[in-house]
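Summary of structural features
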Amino acid sequence: MTDRNQTLFDRAAQVIPGGVNSPVRAFRAVGGTPRFVQRAQGAYFWDANGQKYIDYIGSWGPMILGHGHPAVLEAVQKAALDGFSFGAPTEREIELAEEILKHVPSMEMVRLVSSGTEAGMSALRLARGATGRTKFIKFEGCYHGHADALLVKAGSGLATFGNPTSAGVPPEVVRDTLVLEYNNITALEEAFALHGKELACVMIEPIAGNMNFVRASVPFMTRCRELCTEHGALLVFDEVMSGFRVALGSAQSVYAKLIPGFKPDMTVLGKVIGGGMPLAAFGGPREIMRELAPTGPVYQAGTLSGNPVATACGLATLREIAKPGFWDALSARTQSLVDGLKGVAAHAGVPFSADCQGGMFGFFLLPELAQNYAQVMTSDSPKFNKLFHGLLDGGVYIAPALYEAGFVSAAHTEADIAETVRVAGEVFKTL
Ligand code: KE4
């Protein structure tokens, strides 16, 4: 039988670089043929051959309700009938902004944009403009989108400036980007000792989903907060992935329970707040946000920012996840998956560690949870690839890269979890 996924992939590669519009979709890390999605519904999607999969990517986070939630679909259809885009303000942008601010009290104002990259890039510019400083800290393994200053890897030594990770990024653009080891308090303190008064911000994924699933330790996050406050640098939480995904109050609400009075200075959001449509945001206190054009000197703009169809999708999604009981049910479902996978891995004698929060999970083919990027990369990549394809052949679709997180939606049933664990149990036996 013809594999339509391969046929489509070959055709796509003629007109789209690598056949994909985002590199991770090309399966380069795991090998094999990407699945071209024909349609999706609830916790499932069907590929070009009509093969059904239980979907644990959910568009890399946005589809927290599952695909095609009726309330979201109705809101999008209604909004579309009223117009696709105006380039002028609308009431629903206010409603979405108010809904976001209601659940993330560290922000008093928010600016809507169209992608996480745009939000992260703009937040960095605003942090630099608001502080009058250009140096900033990011952490190895954290991804904040593909803006030039953020495409950087650690230099040699603990507190040296970064080198570009991509062609086309001039070295001078990353000259002020300091890349440190995640969860390394010594490196953090050294960097602040050397550069504290020059630092505009520390940008961090509080739960690093771009390293699969690595939590910032409480001591480390406490020191980030203390040192930023002490030196006048802004603590910027990149919650594009974790925002409204790990908790209704995002990851910062998890840390606020662990660190009394904790809050970041700025927050970057995306994915869930758009419900699958191109929508992201960044926000913070009024005194910082009013530095943004048109009220302040930091320029930022976007033709489709606050798009009326995207805001309808995002608003309907946030209203659903704010309903009573939503998070207890989702968290329990995700925990059930993690516990099930741990059980079958142990039974097969496969080194395995996993963690989850709300609707986000991660696992490592390592005996202990990784605490930083270097540890993540000690994972057995060939073994992961075999696990990935075993699951895929069994109708279970996880991220095609060992450094990516997984996502459970409200549409995933206990039966889906049980089937996933059953398939994984069979695959673990072959590893
Ligand atoms: P986008 O520009 O892809 O909307 O968002 C960039 C971004 C920013 N910050 C964080 C924490 C993110 O996780 C992302 C994007 N995440 C990846 C998945 N690791 C998107 C998948 C892709 O690149 O195709």
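Every value quoted in this text rests on a predicted model; they were computed, and no experiment measured them.

Moving on, we get to the nonpolar core. Core analysis: the biggest nonpolar cluster contains 108 residues, and Ile 137 and Phe 139 have the highest contact counts within it. Broken down by element, this core gets its largest block of residues, 8 residues, from helix α10 (residues 326-348). Domain assignment of the residues forming this core places at least three in each of domain 1 (4-68 + 324-428) and domain 2 (70-321). Residues in contact with Ile 137, not counting those within four places in the same chain, are Leu 178, Leu 180, Leu 188, Ala 191, Phe 192, Leu 199, Cys 201, Val 202 and Met 203. Counting 23 residues, the second-largest nonpolar core is a separate cluster that includes Leu 124, Cys 201, Met 266 and Ala 280.

Quick look at the domain arrangement of the chain now. Many analyses report the size of an interface as the accessible area lost when the parts associate. Each assigned domain of the chain is listed here: domain 1 (4-68 + 324-428) and domain 2 (70-321). Computed from C-alpha atoms alone, the centre-to-centre distance between domain 1 and domain 2 is 25 Å. The interface is formed by 30 residues belonging to domain 1 together with 30 residues belonging to domain 2. Note on domain 1 versus domain 2: buried area summed over both sides is about 2,600 Å², and carbon and sulfur give 60% of it. Broken down residue by residue, the surface that domain 1 buries against domain 2 is led by Trp 327, Gln 357 and Met 360, which jointly contribute 24%.

Further remarks concern the sheet that holds strand β15 (residues 353-357). Strand order across the open sheet formed by 3 strands is β15-β16-β18, with antiparallel pairing between neighbours. The strands lining the two open edges of the sheet, one partner per strand, are β15 and β18 (406-407). Inspection of the sheet shows strand β16 (residues 360-364) paired to β18 by 2 bridges, in the antiparallel sense. Directly across from Met 360, in β18, lies its bridge partner Phe 407.

Time to look at the site of the ligand. Taken together, 16 residues surround the ligand, and among them Ser 22, Thr 117, Asn 210, Asp 238 and Glu 404 come closest. Between Thr 117 and the ligand, the recorded distance is 2.7 Å, taken from a side-chain N or O atom to an oxygen atom. Between a nitrogen atom of the ligand and a side-chain N or O atom of Asn 210, the distance comes to 2.5 Å. For the ligand, whose free accessible area comes to 540 Å², the fraction covered by protein is 84%. Looking at the shell around the ligand residue by residue, the classes come out as 5 nonpolar, 7 polar and 4 charged. The residue makeup of the shell around the ligand includes at least three contributed by each of domain 1 (4-68 + 324-428) and domain 2 (70-321).

This part is about the pattern of salt bridges. Inspection of the entire model under this criterion finds 13 salt bridges. Its salt-bridge partner being Arg 215, residue Asp 355 comes within 2.6 Å of it at the nearest N-O pair. A residue pair is termed long-range when its members are at least 10 positions apart, and Asp 355 in strand β15 and Arg 215 in strand β11 (residues 214-215) qualify at 140 residues. Since its relative accessible area comes to 16%, Asp 355 is described here as buried. For Lys 323, the salt bridge goes to Glu 320, with nearest N and O atoms at 3.0 Å. Connected through shared salt-bridge partners, Lys 135, Asp 176 and Glu 198 make up one network.

The first and last C-alpha atoms of helix α12 (residues 381-393) sit 18 Å apart over 13 residues, in line with the 18 Å expected at 1.5 Å per residue. Three or more residues of α12 are buried, namely Phe 384, Asn 385, Leu 387, Phe 388, Leu 391 and Leu 392. Summarising the axial view, the buried residues of α12 lie within an arc of 160 degrees, below the 170-degree limit, and thus occupy one face. Projecting away from the buried face of α12 at angles above 90 degrees are the exposed residues Pro 382 and Asp 393.

What follows concerns the environment of Gly 68. Note that Gly 68 resides in the loop between β3 (52-55) and α2 (70-81). C-alpha of Gly 68 to C-alpha of Tyr 373: the two residues are 305 residues apart in sequence and 35 Å apart in space.

Right, let's get into the environment of Leu 96. Looking at the element boundaries, Leu 96 is found in helix α3 (residues 91-103). For the pair Leu 96 and Ala 316, spaced 220 residues apart in the sequence, the C-alpha separation amounts to 9.2 Å. When residues no more than four places from it in sequence are discounted, the contact partners of Leu 96 are Leu 112, Ile 273, Leu 279, Thr 311, Gly 314, Leu 315 and Leu 318.

For the rest of this paragraph, the subject is the packing of α12 against helix α13 (residues 414-428). Running from N to C, α12 and α13 cross one another at 135 degrees; their axes reach a closest spacing of 9 Å. Judged by the angle between their axes, α12 and α13 are oblique. For the pair α12 and α13, the crossing hand works out as right-handed. For the pair α12 and α13, the contacting residues are Lys 386, Leu 387, Gly 390 and Leu 391 in the first and Val 423, Ala 424, Val 427 and Phe 428 in the second. Here the residues of the contact of α12 with α13 sort into 6 nonpolar, 1 polar and 1 charged.

Here we come to the packing of aromatic side chains. With the rule as written, the count across this model stands at 17 aromatic pairs. A centroid spacing of 6.3 Å and a plane angle of 75 degrees characterise the contact between Tyr 44 and Trp 46, whose relative ring orientation is edge-to-face. The same class applies to Tyr 44 as to Trp 46, namely buried. Between Phe 352 and Phe 363, the aromatic rings sit 5.4 Å apart at their centres with planes inclined by 25 degrees, giving stacked as the arrangement. With Phe 352 in the loop between α10 and β15 and Phe 363 in strand β16, the pair connects residues that are 11 residues apart, well separated along the chain. Summarising the burial analysis for this pair, Phe 352 and Phe 363 share the class buried. Three or more aromatic residues joined by ring pairs form one cluster here, namely Phe 352, Phe 363, Phe 384 and Phe 428. Note that Arg 39 overlies the ring of Trp 46, its terminal NZ or CZ placed 3.8 Å from the centroid. The cationic tip of Lys 52 hangs over the ring face of Tyr 44; the distance from NZ or CZ to the ring centre is 4.0 Å.

Here is what the cut-offs are and how they apply
Residues numbered from 1 in each chain as written. Predicted model: local features only at pLDDT ≥ 70, side-chain atom pairs only at ≥ 80, totals over all residues. Heavy atoms only, no water. Core = buried A, V, L, I, M, F, W, Y, C linked by side-chain atoms within 4.5 Å. Buried < 20%, exposed > 50% of the residue type's maximum accessible area, 1.4 Å probe, protein only. Helix = DSSP H or I, 4+ residues; strand = E, 2+ residues; numbered from the N terminus. Domains from an automatic or database assignment. Contact = heavy atoms within 4.5 Å. Buried area = accessible area lost by both parts, 1.4 Å probe. Pairing = 2+ DSSP bridges. Near = heavy atom within 4 Å. Polar contact = N/O pair within 3.5 Å; in protein donor to acceptor, adjacent residues only side chain to side chain. Areas by Shrake-Rupley, 256 points an atom, 1.4 Å probe, with all protein chains shown as cover. Nonpolar A, V, L, I, M, F, W, Y, C, P; charged D, E, K, R; others polar. Salt bridge = Lys/Arg side-chain N within 4 Å of Asp/Glu carboxyl O. Expected span 1.5 Å × (residues − 1). Arc of directions from axis to C-beta. Axes fitted to C-alpha atoms, helices over the stretch in contact; angles between N-to-C directions. Parallel < 35°, antiparallel > 145°, perpendicular 65-115°, else oblique. Left-handed = near helix turned anticlockwise from the far one by under 90°. Phe/Tyr/Trp six-rings, centres within 6.5 Å; stacked < 30°, edge-to-face > 60°. Lys NZ or Arg CZ within 6 Å of the ring centre and 35° of its normal.

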